[in-house]
2 protein chains.
Amino acid sequence: MGEDRRRLAAAAMGKIPCDLTVKNVQYVNVFTGEIYPAEVDVIDGRVARVRCPGEPQELESGETVDGGGNYLIPGFIDAHVHVESSMMIPEQFGRAVVPWGTTAVCTDPHEIANVLGIDGVKFMLENGKKSLLRQYVLAPSCVPAVPGLENSGAEFGEKEIEEILDMDGVVGIAEIMDFVGVYNGSERMHAIIRKGLEKGTFLQGHAPLLTGKELSAYAASGIESDHESETGEEIREKLRRGMHINLRASSLVNHMDQLAAEIRQIPYHDFISICTDDVHAGDLLTLGHVNKVVRYGIEHGLDPVDVIRMATLNAAREYGFKDLGAVAPGYRADMQLVRALDGSRPKLVWIGGQLAAEQGVYVGEDAAPAMDFPNTVKAGWIRAAEDFSLIADKTENGTVPVNVIVPLDAGNVLRKTERQELMVRDHRVCLDGREDLAFVCVCNRHGLEKKTVAVIQNFGLREGAVGTTVSHDSHNAVIVYRKEEDALVLLRELERMGGGLCVVRDGQVTGSVALPAAGLMSPKSGRQVAEEFEGYRRAFYQVCGDDTPLLSCAIMSLTALPGIVVTDCGLVDGGKQEFVDVFAD
Amino acid sequence: MGEDRRRLAAAAMGKIPCDLTVKNVQYVNVFTGEIYPAEVDVIDGRVARVRCPGEPQELESGETVDGGGNYLIPGFIDAHVHVESSMMIPEQFGRAVVPWGTTAVCTDPHEIANVLGIDGVKFMLENGKKSLLRQYVLAPSCVPAVPGLENSGAEFGEKEIEEILDMDGVVGIAEIMDFVGVYNGSERMHAIIRKGLEKGTFLQGHAPLLTGKELSAYAASGIESDHESETGEEIREKLRRGMHINLRASSLVNHMDQLAAEIRQIPYHDFISICTDDVHAGDLLTLGHVNKVVRYGIEHGLDPVDVIRMATLNAAREYGFKDLGAVAPGYRADMQLVRALDGSRPKLVWIGGQLAAEQGVYVGEDAAPAMDFPNTVKAGWIRAAEDFSLIADKTENGTVPVNVIVPLDAGNVLRKTERQELMVRDHRVCLDGREDLAFVCVCNRHGLEKKTVAVIQNFGLREGAVGTTVSHDSHNAVIVYRKEEDALVLLRELERMGGGLCVVRDGQVTGSVALPAAGLMSPKSGRQVAEEFEGYRRAFYQVCGDDTPLLSCAIMSLTALPGIVVTDCGLVDGGKQEFVDVFAD
């Protein structure tokens with residue numbers, strides 16, 4: 001049976017006292033765009049009534065808060081975010097973002113799903129309940145990203161998607177990244193879409209640079225949104241097709257200048273919401289969360305009430321949430337008191353009428369005591385340093401031709417291969433005299449005895465080894481090293497920690513972040529994770545050059561990239577979606 | 001399993017030919033508010049692609065229509081309408097409204113539900129499928145309107161509401177008219193609301209003049225919309241509470257001047273849609289349907305694209321229809337070609353890509369052959385003219401004090417009672433010498449042997465009798481007469497016709513409209529119904545004064561009115577919701 005609203009009606013009628021009244025505020029009405037003085041009455045976690053001057057309160061509320069003439073706006077909703085990118089488990093993520101005014105997030109647990117499958121999704125749902133933040137989950141649509149080119153810890157077909165869609169708190173199918181599969185009619189993608197259409201659930205998109213007939217085919221297939229636009233033209237073209245635009249500024253990308261300039265030229269903005277996609281713990285502590293994107297939008301000339309509307313009501317409507325995204329009768333009392341309409345940190349944040357943050361400090365219950373996580377780093381089958389050697393069977397004149405991986409850009413994002421003759425000693429490729437080279441090993445950590453060893457140029461590693469279990473999308477262990485012995489030490493440390501980030505120098509661990517939750521997340525607080533990460537960063541740059549991006553290892557396996565990547569199955573040309581031999585002909 | 005969108009994707013990609021292309025149009029994009037030249041490709045009833053100049057078509061479509069440079073806009077959606085008010089069955093209603101550009105209606109079968117219960121709702125759903133118009137149905141929430149004060153043909157509790165909500169084509173709970181019950185926490189209303197909240201369905205409101213805490217309590221209970229606003233202030237207050245406003249102009253009310261003036265002062269209009277509520281057959285033929293309201297809005301200064309957006313996309317979003325209300329990839333190809341953005345009659349109308357109307361003429365299949373309707377007028381228990389007499393048991397000096405019904409306004413809408421001494425002959429109240437009086441009889445026609453005979457002043461009836469089986473909300477037979485014999489002739493004619501409207505003069509039927517479908521609707525075409533109604537109108541004014549509203553009988557029993565009404569149970573004070581004796585003390 002549905003919810004009984006009779007107490008709410010009685011409270012609105014002034015027949016029973018409310019739990020909370022926030023008085024003396026400038027109330028921002030996201031429905032009409034008006035701002036006016038009001039008092040807000042809350043009972044049972046919902047707003048009963050918003051009273052204007054002249055509308056008396058019949059019975060005093062249990063608690064009355066004086067808003068001091070500040071603005072009262074709805075809590076922010078993040079329309080698309082991967083909690084795992086913060087390296088915090090959901091309850092800690094909640095503690096980190098609520099003080100910035102975020103009261104609900106729609107998350108894609110794509111990373112943990114690639115490690116732990118449905119159990120990972122369940123963990124995110126369950127652990128998410130341990131903070132006050134409303135954490136909704138979408139069913140990851142591309143697990144693994146590209147079947148056949150890599151091995152992750154799980155595989156989701158329509159059956160698994162259906163099982164997830166039926167869970168409480170699941171509100172859609174997460175970013176459907178295989179847009180090529182969608183517009184080309186792939187059976188796998190369209191089976192998942194059919195399941196979503198059948199359930200009438202939200203179908204979230206991911207369509208970077210998609211345009212023309214391909215974008216039409218993607219939208220016509222039922223995909224409802226996109227958060228990848230980097231130019232104004234992209235936004236306009238997607239809006240024209242009826243797609244919801246999640247305006248994004250993440251820790252990785254921010255094109256707000258161009259996006260805001262275009263949005264100012266478009267009459268209607270009600271299909272525009274806001275998302276953060278990937279935000280690192282450090283950024284969450286210092287820059288903020290959804291409020292940061294709001295701030296960027298306002299700084300680039302968007303109307304403040306309009307941007308607040310995007311971050312609240314528009315996001316709720318995108319998902320069909322009927323009681324989120326506004327402070328209005330019957331709505332959840334998710335709201336924030338702010339000094340100015342500029343995306344700065346709120347003074348007070350309420351979720352379901354409960355005070356959740358005050359002056360930037362989360363005020364909900366303490367975090368749960370340390371929990372046990374199953375160790376997901378299964379690499380015991382690698383026993384010796386020799387396992388990290390690149391074995392050359394056919395040698396001529398002491399050398400072997402190798403398809404060396406060469407970065408194409410400073411960011412080490414796109415890479416090609418280049419045929420180079422490398423020295424061989426004892427049937428092993430040897431890097432002596434080639435300071436510009438390093439080995440890279442991607443080894444399966446999900447139970448399969450599969451690994452790839454290759455050679456990479458200009459990575460920037462001078463000595464030792466760096467490595468991680470956070471490697472999109474399959475999250476196998478990626479280790480870059482000069483000496484096999486250092487790689488083994490590093491892998492053993494990753495195993496010991498249950499996953500994480502690690503640096504080894506002279507056979508010693510010099511920096512690490514333990515991420516025991518699926519090898520992706522830490523149970524520690526945002527502040528602790530940020531501090532540990534800073535230690536790791538320092539150790540990283542002791543062995544790597546300043547130009548080496550910290551995240552180089554994390555995207556070494558990303559088969560969605562158009563260049564050369566390394567998976568546990570081999571070298572892969574992401575653009576052609578086919579294998580490339582480690583050794584050249 | 002959900003719909004397979006692979007053909008749609010292939011068509012968008014230009015790999016398979018589309019069924020239809022409409023070229024050379026000025027395309028109105030309701031998402032962005034832009035107007036630009038485009039060509040629209042349709043396959044399998046949905047839009048595959050909207051091509052701009054420079055985007056070639058890879059394969060020729062089965063049919064290509066030259067739009068001649070006219071505007072292409074989405075088909076209109078009526079957010080709230082009672083089909084019964086047109087006196088046409090759904091398939092004929094569809095034929096009447098589609099030529100005006102309406103392609104979908106959300107209907108409240110409240111009237112037929114009061115006569116036939118769930119079978120009536122099923123009839124509307126089934127018969128609605130016989131025209132191309134998309135006819136969605138909402139579950140009537142107040143059947144009967146006021147239990148205990150009147151007897152209708154059915155009673156809906158949460159069980160019946162649930163049964164209806166589970167039917168295909170049912171999209172919500174229809175206007176929850178008992179707003180007093182809602183804000184006062186009535187168990188009946190809140191049980192129905194709980195059922196709606198449980199199913200996550202749309203909860204439609206009806207809140208005339210509701211304001212302040214009562215309006216907040218109504219909205220807080222979960223009610224999502226209202227179509228009753230008659231002033232700008234009402235609109236603003238409801239919008240502020242997050243309610244969807246269905247901007248209405250019906251055959252009965254039109255306050256567009258005030259409403260449009262207020263809307264122009266509000267920044268956001270995406271919670272405003274359009275409805276017609278009650279439209280008579282004659283108006284549908286001459287004035288139009290949703291397009292008429294669009295025209296009124298534009299004439300009163302609203303932006304044309306904005307009003308078109310209200311009549312299309314906004315209505316679809318109100319209901320959560322994800323593929324209606326726009327001409328965009330994946331959306332149903334419900335669209336119209338119009339000469340100007342002014343609400344005038346479209347040149348062409350398509351529904352699901354199929355041509356549905358051309359130059360004002362419906363072009364779908366012919367109407368189904370005449371069908372048999374069960375006769376719902378069960379009044380055989382009234383056998384003689386004497387049954388229409390007002391029997392006075394206690395007479396003093398040949399007279400009896402009677403609570404005579406006296407209209408308070410020219411429209412005969414509000415009425416009071418006034419104690420008057422009336423002559424009695426043979427124990428029967430006699431109107432000799434009182435030309436200003438008439439009898440009114442409301443007799444149950446749903447199987448109960450219950451009737452009320454009372455006296456009404458200044459109704460305007462000079463001779464004979466007028467009567468109807470269309471009498472809101474219980475639709476019992478209402479007959480106003482000077483002589484009992486004429487009333488009997490009229491009732492027998494209503495029975496013979498299976499219900500309808502009728503005039504009797506000198507014992508002869510002089511005008512009638514047969515409404516055999518539940519005593520509410522005719523299976524004939526809109527043109528025939530309008531012609532018959534015109535004949536009835538002429539006969540009506542032969543026996544009634546020019547000041548007598550044609551609809552006086554139809555609202556004689558409406559217990560929602562605040563004044564005196566007559567039901568099969570007695571005289572009722574609508575404001576107090578209690579009975580008043582026919583005879584005075």
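Structure: above.
Residues numbered from 1 in each chain as written. Chains lettered and ligands numbered in written order. Predicted model: local features only at pLDDT ≥ 70, side-chain atom pairs only at ≥ 80, totals over all residues. Heavy atoms only, no water.

*Asks:* Got a minute to help me understand the packing of aromatic side chains in this structure?
*Replies:* In this description, a pair of aromatic rings is defined by centroid distance and the angle of the planes. Here the structure, examined in full by the defined rule, presents 24 aromatic pairs over all chains. Here B:Phe388 and B:Tyr481 contribute two aromatic rings whose centre-to-centre distance is 5.6 Å and whose plane-to-plane angle is 75°, an arrangement assigned as edge-to-face. In this pair, B:Phe388 is assigned in the loop between strand 17 (361–362) and strand 18 (399–407) and B:Tyr481 in strand 24 (residues 477–481), connecting sequence segments 93 residues apart. Look at B:Phe388 and you get buried, because its relative accessible area is 0%. Residue class for B:Tyr481 comes out buried when judged on its relative accessible area of 0%. Judged by centre distance (5.1 Å) and plane angle (80°), the ring pair of B:Phe540 and B:Tyr541 falls under edge-to-face. Looking at B:Tyr541, the relative accessible area reads 22%, which means it is partly exposed. Three or more aromatic residues joined by ring pairs form one cluster here, namely A:Tyr136, A:Phe202, A:Tyr319 and A:Phe321. (Phe/Tyr/Trp six-rings, centres within 6.5 Å; stacked < 30°, edge-to-face > 60°. Helix = DSSP H or I, 4+ residues; strand = E, 2+ residues; numbered from the N terminus. Buried < 20%, exposed > 50% of the residue type's maximum accessible area, 1.4 Å probe, protein only.)

*Asks:* Hey, could you run me through a nonpolar patch on the surface in this one?
*Replies:* Residues and elements named next belong to chain A. On the surface, Leu355, Val361 and Val363 cluster together into a nonpolar patch covering about 200 Å² of accessible area. By the secondary structure assignment, Val363 is in the loop between strand 17 (361–362) and strand 18 (399–407). In this structure Val363 comes out as partly exposed when scored by relative accessible area, which is 34%. (Patch = residues over 30% accessible without salt bridge, like charges linked within 9 Å, V, L, I, M, F, W, Y side chains within 5 Å. Areas by Shrake-Rupley, 256 points an atom, 1.4 Å probe, with all protein chains shown as cover. Salt bridge = Lys/Arg side-chain N within 4 Å of Asp/Glu carboxyl O.)

*Asks:* Could you clarify how one ought to interpret the sheet that holds strand 28 (residues 570–573) of chain A in this entry?
*Replies:* Hydrogen bonds along the backbone pair up the strands of a sheet, which may run parallel or antiparallel. All names here are of chain A. The three strands lie next to each other as 27-28-29, forming an open sheet whose pairing is antiparallel. The sheet is open, and its two borders are formed by strand 27 (564–567) and strand 29 (578–580), each paired with just one other strand. Each adjacent strand pair in this sheet contributes to an overall mean axis angle of 45°, direction not counted. (Pairing = 2+ DSSP bridges. Axes fitted to C-alpha atoms, helices over the stretch in contact; angles between N-to-C directions.)

*Asks:* Would you explain the relation of the copies chain A and chain B in this entry?
*Replies:* The operation linking the two copies of the chain is a rotation about an axis combined with a translation along the axis. Aligned on chain B, chain A shows an RMSD of 0.1 Å; the corresponding rotation is 180° and the shift along the axis is 0.0 Å. Overall, the copies show the geometry of a two-fold rotation axis. A shared binding surface is used by both copies, with 99% of the interface residues of chain A retained as interface residues in chain B. (Least-squares fit on C-alpha atoms with pLDDT ≥ 70 in both. Contact = heavy atoms within 4.5 Å.)

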